[in-house]
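Commentary on secondary and tertiary structure
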Amino acid sequence: MRLLLVFLGMHVIWYVAYLLVHHPMLPSPLEVYQAMGHLGGRDIVLNVGYSLMRIFAGVLLALIIGLLIGLLMGRSPLWNKLLDPVVYLTYPVPKIALLPVVMLFFGLGETSKILMIMLILIFQIIISVRDGVKAIPVSTYDVLTSLGAGPGQKFWHVTLPGALSVILSTIRISLGTAISVLFFTEIYGTEHGMGFFIMDAWLRLDYPQMYAGILLFSLVGFVLFLLVDLLDYRFMKWRK
């Protein structure tokens, strides 16, 4: 109900702005939804599918690498001392500024787009997982040791749940940034993706279709947020 009220409120503000601006560059909500209805189902599936594929591939790579490094730094003081300076020196670098470098080394294809999303997420995952693992009380492991638990059981029952909490929180926060970067990466070297669709409509001065693309892009982000919340509800019931 709250989501519905906010949704309706945003559309009221949009319609008032449309009346005040009274210019083709800001069409009414009705025009935009009509333009969305005129889009072919194949075009929507193709563009949204390409964007989702790039997001999932980038997030998966960031999770695999970031989780391994974060767990290593969190559980090993030696590796934490060795890798900590590397992380802190490279993390502040604005990742979007690396886009030309990534394009030079990996071309204009899918690889550079996926790598940019990975670069956005990986450092946040590393730091969050490391801090989450280090925050687990040592006594928790001592209890499992006294019960005869091995390293695998300690990881599954203590380390992973402790890391999963911060991983989901980090993904939730970082998804907005990753989707923004995806938009920039999809305006070059491709003919598919929501970023390409929006920019193509803008260049053709087809403003209703441009806004329809923005709404679809927003819907993709909203669905991804819901998926993260679903994972949180499924695997983090002990926090409820």
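Above this text sits the structure in question.
Now for a look at the structure at hand. From a predicted model like this one, the values you see are computed outputs, not experimental measurements.

Let's shift gears to the overall build of the protein. The helix and strand tally for the protein stands at 10 helices and zero strands. Tracing the protein from N to C terminus, the helices and strands come up as α-α-α-α-α-α-α-α-α-α. Structurally, the protein occupies a C-alpha span of about 70 × 50 × 30 Å along its principal axes. Across the 240 residues in the protein, those meeting the buried criterion constitute 38%. Partitioning the contacts of the protein with sequence separation of at least 6, the portion at a separation of at least 24 is 72%.

The next subject is the packing of aromatic side chains. Summed over all chains, the structure comprises four aromatic pairs. Seen from their ring centres, Y15 and Y18 are 5.8 Å apart, and the 40 degrees between their planes marks the pair as tilted. Placement of the pair is Y15 and Y18 together in helix α1 (residues 2-21), with a separation of three residues, close to one helical turn. With relative accessibility at 42%, the residue Y15 sits in the partly exposed group. Between F183 and F217 the ring centres are 6.4 Å apart and the planes differ by 40 degrees, which places this aromatic pair in the tilted class.

About the cut-offs
- Residues numbered from 1 in each chain as written.
- Predicted model: local features only at pLDDT ≥ 70, side-chain atom pairs only at ≥ 80, totals over all residues.
- Heavy atoms only, no water.
- Helix = DSSP H or I, 4+ residues; strand = E, 2+ residues; numbered from the N terminus.
- Buried < 20%, exposed > 50% of the residue type's maximum accessible area, 1.4 Å probe, protein only.
- Contact = heavy atoms within 4.5 Å.
- Phe/Tyr/Trp six-rings, centres within 6.5 Å; stacked < 30°, edge-to-face > 60°.

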